[in-house]
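# Coordinates in review
Now for the letters of each chain:
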Amino acid sequence: MRGPLFRMALILGLLSAVGPFAIDMYLPALPQVARDLGTSEAKAALTLTSYFIVFGIAQMIYGPMADAVGRKKPLVIGVAIFLVATVAASLAPTIGWLIAARALQGLGAATLMAVPRAVIRDMATGPAAAKMMAAIMIVISVSPMLAPLTGSAVMAWGGWREIFAVLAAAALLSLALILFVLPETLPQAERRPVRLTTMAEGARRLLSDRRFMGLTMIGGFGMASFFVFLASASFVYTGQYGLSPTGFSLAFAVNAIGFFSASQFAGKLAERYGMERVISLAITGFAGLALLLSVVVMAGFDALPVVIAGLFMANACLGLVMPTAMVMSLDPHPDIAGLASSLGGTIQMLTGGLMIAVTSPFLDNTSVTMVPAIALCAVLAWAAAAASLPRLRLLA
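Below, the structure is looked at part by part. All values reported here derive from a predicted model rather than from experimental measurement.

Rules of the game
Residues numbered from 1 in each chain as written. Predicted model: local features only at pLDDT ≥ 70, side-chain atom pairs only at ≥ 80, totals over all residues. Heavy atoms only, no water. 1 Å grid on protein atoms, 1.4 Å probe; cavity = no way out; pocket = protein on both sides within 12 Å on 5 of 7 lines; lining within 4 Å. Points joined across faces, edges and corners; volume = space filled by probe spheres on them. Helix = DSSP H or I, 4+ residues; strand = E, 2+ residues; numbered from the N terminus. Nonpolar A, V, L, I, M, F, W, Y, C, P; charged D, E, K, R; others polar. Patch = residues over 30% accessible without salt bridge, like charges linked within 9 Å, V, L, I, M, F, W, Y side chains within 5 Å. Areas by Shrake-Rupley, 256 points an atom, 1.4 Å probe, with all protein chains shown as cover. Salt bridge = Lys/Arg side-chain N within 4 Å of Asp/Glu carboxyl O. Axes fitted to C-alpha atoms, helices over the stretch in contact; angles between N-to-C directions. Parallel < 35°, antiparallel > 145°, perpendicular 65-115°, else oblique. Left-handed = near helix turned anticlockwise from the far one by under 90°. Contact = heavy atoms within 4.5 Å. Phe/Tyr/Trp six-rings, centres within 6.5 Å; stacked < 30°, edge-to-face > 60°. Buried < 20%, exposed > 50% of the residue type's maximum accessible area, 1.4 Å probe, protein only. Lys NZ or Arg CZ within 6 Å of the ring centre and 35° of its normal.

### Digging into the layout of surface pockets
Taking a probe equal in size to a water molecule and rolling it over the atoms shows the remaining empty space. Counted as a void, the second largest pocket has a volume near 190 Å³. Considering the residues around the second largest pocket, the lining is formed by 13 residues, among which L14, A17, V18, A170 and L173 are closest to the centre. When contributions to the lining of the second largest pocket are tallied by element, the ones reaching two or more residues are helix 1 (3–16), helix 2 (18–24) and helix 9 (160–180). Here the element with the most residues in the lining of the second largest pocket is helix 9; it accounts for six residues. Per-class residue counts for the lining of the second largest pocket are eleven nonpolar, two polar and no charged.

### A few points about empty space enclosed by the protein
For the structure shown, the criterion picks out one cavity of 30 Å³ or more. Taken together, S225, F226, F229, L311, N315 and I374 make up the lining of the largest cavity. Those elements that provide at least two residues to the lining of the largest cavity are helix 11 (210–240) and helix 15 (304–330). Residue contributions to the lining of the largest cavity peak at three residues, all from helix 11. Among the residues forming the lining of the largest cavity, the class breakdown is four nonpolar, two polar and no charged.

### A look at a nonpolar patch on the surface
A cluster of nonpolar side chains, V254, I257, F312 and M313, forms an exposed patch at the surface whose accessible area comes to about 300 Å². Looking at the secondary structure, you find M313 in helix 15.

### Let's talk about the packing of helix 14 (residues 275–298) against helix 17 (residues 367–388)
Orientation of helix 14 relative to helix 17, taken along the N-to-C sense of each, is 155°, at an axis distance of 8 Å. When the axes of helix 14 and helix 17 are compared, the pair comes out roughly antiparallel. Helix-helix and strand crossings are classified by hand; for helix 14 and helix 17 the assignment is left-handed. Residue-level contacts link I283, T284, F286, A287, A290, L291, L293, S294, V297 and M298 of helix 14 to S367, V368, V371, P372, A375, A378, V379, A381 and W382 of helix 17. Each residue belonging to the contact of helix 14 with helix 17 can be placed in one class, and the counts come to 16 nonpolar, three polar and no charged.

### Topic: the packing of aromatic side chains
A full pass over the atoms with the stated rule returns 13 aromatic pairs. On the numbers, 5.5 Å between centres and 50° between planes, the contact of Y26 with F164 is tilted. Of this pair, Y26 sits in the loop between helix 2 and helix 3 (30–36) while F164 sits in helix 9; the two residues are 138 residues apart in sequence, bridging distant segments of the chain. Exposure class is identical for Y26 and F164. Each is buried. Between F226 and F252 the ring centres are 6.4 Å apart and the planes differ by 35°, which places this aromatic pair in the tilted class. Of the two residues, F226 is situated in helix 11 and F252 in helix 12 (residues 245–263); the sequence distance between them amounts to 26 residues. Classification of F252 as buried rests on a relative accessible area of 1%. Feature note: the residues F226, F229, Y237, Y241, F248, F252 and F259 constitute an aromatic cluster, connected by ring pairs. For the cation-ring pair, R102 lies above Y26, with the distance from its terminal atom to the ring centre recorded as 4.3 Å.

### What to know about the pattern of salt bridges
Counted according to the given criterion, the structure contains two salt bridges. Two residues, E201 and R204, come together in a salt bridge whose shortest N-O distance is 2.8 Å. Note that E201 and R204 are positioned in helix 10 (residues 196–207) at a spacing of three residues, about one turn of the helix. For R204, a relative accessible area of 48% gives the class partly exposed. Here E276 ties to R211 by a salt bridge, and the two come within 3.5 Å at their closest N and O atoms. Here the residue E276 occupies a position in helix 14, and R211 occupies one in helix 11, the gap between them amounting to 65 residues. Residue E276 is classed as partly exposed on the basis of its relative accessible area of 29%. Judged by its relative accessible area of 31%, R211 falls in the partly exposed class.

Any link to function would need more than the numbers given here.
So this is what it looks like as structure tokens:
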């Protein structure tokens, strides 16, 4: 990929990285946030929940808006909202203020998930589009490994408020790229007004499709397991195991490597063995390994290397589940693929955010509660497959 397409992929990759950084860069600071604002760890975790829930819902707004008014306006609006919210978060005097600011951040950041895919669709199709998307995914995949390390580096000379200052600078850079570098890729003649009746009919069709919903909930509970880990890992690794923010970032990176490394093989394995067999084995492996790790940890073998190794293997299976489930859910709906993608993403983000809210009151900042909470999400993902997709060979 060369020339304009490479340049566009680089711009879109930089823009798409802002959202993951807003999540993962903040993770090492969660214990400090709880101390500084005089609140519990469960309430501090709600700053993630509010972000995820609003981020998921807002994707349904920006997609239709981008089709109606072009690609640049939704990006400008969303990043401007993100910038204002980030400044507000850096000034937060109470946990309630910070939760609200993070929700507003999610509202703005959702544009950087929904609109870049539409820009790719405008500029390229087939292999060229796939290469652009792959380039962007590389940036997104690296972000969960680099962002916590960046956050811990910022905390070394500042604190959690300085993390939001860095995110505000990233938002300003993104805004400059959108206004002065990114071209408008949707001509006026191709813009389509938003028709709520058409969207409602498409949504009704998808929500009544057992296969679509089953695959979506597999991905939703799989994503929820990762969200539960995000919300609790910093407290467990720094509290129970005494890791520094940098040590936590490195331990977190190991699990992220397991997930994203395995996801790179999903396409090749599906091509060789078929998507149904891959997702059958992967979802069973994910649930089985998560349950096994829970038994081991609850039996008293909860040393840090055991937890990291167990989560690495479980997340490797999850890395095969997520992209395969997404492709399988969209394949039967080519005529409404955009709506299906947005609706599926919204449901999955809501599921992840709600599972954080459900499990947080039962977490006590130890691996003995964190790992079973992750295993619960894994079992629910397996159950969604067993109940909704009976043709999948779950034990094949």
